[in-house]
Amino acid sequence: VPRYERGSKAGKPQFQFIYRTDSEQTLGVVSGGYPERDGYRHIFDTLEGMFPNTCTGVTVYGAGERAVISQELGEPIDLGGGDLIQPFLYTRMSLNRTWATAAIPKMSRISCENALGSSGAIINVKATKNHDLRLTLEAEIMQASLNQAEALRRMAYVMKSQEFTDGQFMDMVQGLIPKPESDHQTAQTRRANKIAACSQAWMNEMDTQISGSPFGNMWLAYNAVQGAEQHVINSPNTLIDENGEKYRDQSVGLAKTLDGKTPLADACEQYLIDMMGGKDRYTQLTEAV
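Source: prediction; values computed, not measured.

### Regarding the packing of helix α4 (residues 166–176) against helix α8 (residues 263–275)
And step 1. Relative to each other, α4 and α8 sit at 125°, their axes nearing to 10 Å. Overall, the two elements α4 and α8 adopt an arrangement that is oblique. Handedness of the α4/α8 crossing: right-handed. Along its contact with α4, which presents Gln 168, Met 172 and Leu 176, the element α8 presents Leu 264, Ala 267, Cys 268, Tyr 271, Leu 272 and Met 275.
And step 2. Taken together, the residues that form the contact of α4 with α8 break down as 8 nonpolar, 1 polar and no charged.

Right, dumping it as structure tokens:
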């Protein structure tokens, strides 16, 4: 076993293998100075201690080298018309050092499970000897979640008041997903599939609205694009169900959403803000809510 020859680590192994105890499959190789912990146990215990009985699921990536915990925080918030958003806390972690432990507040739109919200991680803790001590930040988590919920409530209120037609939506999507420079059929098909995903999501939004209006609104338009990006465009159709049918890997879409890798949703939000008169005007509208 290679060992450190000098310094405070002298005599200790230079590397540690992290492996599953059931299959002995290696999940990561880390420095010998990496703190010893029982897998994810401390993180689970810390989050359960802060927000007991709120865990709704654990998404595991690969054989367990990465994972995401989801927890409901508080009661759903009514945006009107039966449109509800649920504050969530997503905590991601890894045993192979690809992810630092990060707590990310998001709002989940109950009707379609879109993970909404623009703030990034409020805790980002690398695996160091102080890792466990720095994770307990309940008050900061709750305040960030409340701030994001309020910002999203204001956004929804303002965007719901702005009428948006089928034609306006398709014009927007055509602009947000530009024609590829390449004439290769694969590139053309990829663009067509993205547009189709957004169009289908828009139709779904229109079918579920209960306002009675023949027109949609900007809030529905934003959620259609965001939902299409998270659940279809960013979620590859690579999994096989018990009947041998393919279905989309939603864990990949969630991971990209938590990483902030949602260029289409971001561009859509900016497009709609520009239609309302730009950032300054949009800020005035939201502050007046």
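Right, picking up where we left off after that structure.
### Quick word on the side chain of Ser 235
And step 1. Assignment of secondary structure puts Ser 235 in the loop between α6 (218–233) and β12 (239–240).
And step 2. Relative accessible area serves as the criterion here: at 0%, Ser 235 is assigned to the buried category.
And step 3. Among the polar contacts made by the side chain of Ser 235, one reaches the main-chain carbonyl oxygen of Gln 230 at a distance of 2.7 Å.
And step 4. A polar contact is formed between the side chain of Ser 235 and the backbone nitrogen of Gly 253, at a distance of 3.5 Å.
And step 5. What Ser 235 contacts, discounting residues up to four positions off in sequence, is Gln 230, Arg 248, Asp 249, Gln 250 and Gly 253.

### Examining the nonpolar core
And step 1. If you look at the biggest cluster of nonpolar residues, it comprises 36 residues, and the most contacted ones within it are Phe 169, Met 172 and Trp 219.
And step 2. Residue assignment for this core shows that the elements contributing at least two residues are α3 (138–160), α4, α5 (185–208), α6 and α8.
And step 3. The element contributing the most residues to this core is α6, with 8 residues.
And step 4. Ignoring sequence-local partners within four residues, the contact set of Phe 169 consists of Phe 164, Cys 198, Ser 199, Trp 202, Ala 221, Ala 224 and Val 225.
And step 5. Counting residues in hydrophobic clusters, the runner-up holds 18 residues, among them Leu 27, Tyr 34, Ala 67 and Leu 89.

### Considerations on a nonpolar patch on the surface
And step 1. A surface patch of nonpolar side chains, about 320 Å² in accessible area, is lined by Phe 15, Phe 17 and Val 29.
And step 2. For Phe 15, the position within the fold is in strand β1 (residues 15–19).

### Concerning the pattern of salt bridges
And step 1. Applying the stated criterion across every chain yields a total of 8 salt bridges.
And step 2. Measuring nitrogen to oxygen at the nearest pair gives 3.1 Å for the salt bridge that ties Asp 83 to Arg 109. Taken as a pair, Asp 83 in the loop between β5 (77–78) and β6 (84–94) and Arg 109 in strand β7 (residues 101–109) lie far apart in primary sequence, 26 residues in all. There is no split in this pair, since Asp 83 and Arg 109 are both buried.
And step 3. Across the salt bridge formed by Arg 154 and Glu 150, the nearest N and O atoms sit 2.9 Å from each other. Highlighted residues: Arg 154 and Glu 150, both in helix α3, separated by 4 residues, approximately one helical turn.
And step 4. Since its relative accessible area comes to 29%, Glu 150 is described here as partly exposed.
And step 5. What emerges from the salt-bridge pattern is a single network uniting Asp 83, Arg 109, Lys 160 and Glu 205.

### Quick look at α8
Three or four residues apart is the spacing at which side chains of an α-helix point the same way, because the helix has 3.6 residues per turn.
And step 1. Across its 13 residues, α8 extends 18 Å between first and last C-alpha, which sits within 8% of the 18 Å expected from 1.5 Å per residue.
And step 2. Of all the positions in α8, only Leu 264, Ala 265, Cys 268, Leu 272 and Ile 273 are classed as buried.
And step 3. At the C-terminal side of α8, Gly 277 shows a positive phi close to 110°.

Conventions and cut-offs
Residues numbered from 1 in each chain as written. Predicted model: local features only at pLDDT ≥ 70, side-chain atom pairs only at ≥ 80, totals over all residues. Heavy atoms only, no water. Axes fitted to C-alpha atoms, helices over the stretch in contact; angles between N-to-C directions. Helix = DSSP H or I, 4+ residues; strand = E, 2+ residues; numbered from the N terminus. Parallel < 35°, antiparallel > 145°, perpendicular 65-115°, else oblique. Left-handed = near helix turned anticlockwise from the far one by under 90°. Contact = heavy atoms within 4.5 Å. Nonpolar A, V, L, I, M, F, W, Y, C, P; charged D, E, K, R; others polar. Buried < 20%, exposed > 50% of the residue type's maximum accessible area, 1.4 Å probe, protein only. Polar contact = N/O pair within 3.5 Å; in protein donor to acceptor, adjacent residues only side chain to side chain. Core = buried A, V, L, I, M, F, W, Y, C linked by side-chain atoms within 4.5 Å. Patch = residues over 30% accessible without salt bridge, like charges linked within 9 Å, V, L, I, M, F, W, Y side chains within 5 Å. Areas by Shrake-Rupley, 256 points an atom, 1.4 Å probe, with all protein chains shown as cover. Salt bridge = Lys/Arg side-chain N within 4 Å of Asp/Glu carboxyl O. Expected span 1.5 Å × (residues − 1).

The quantities given are spatial measurements derived from coordinates; they are silent on function.
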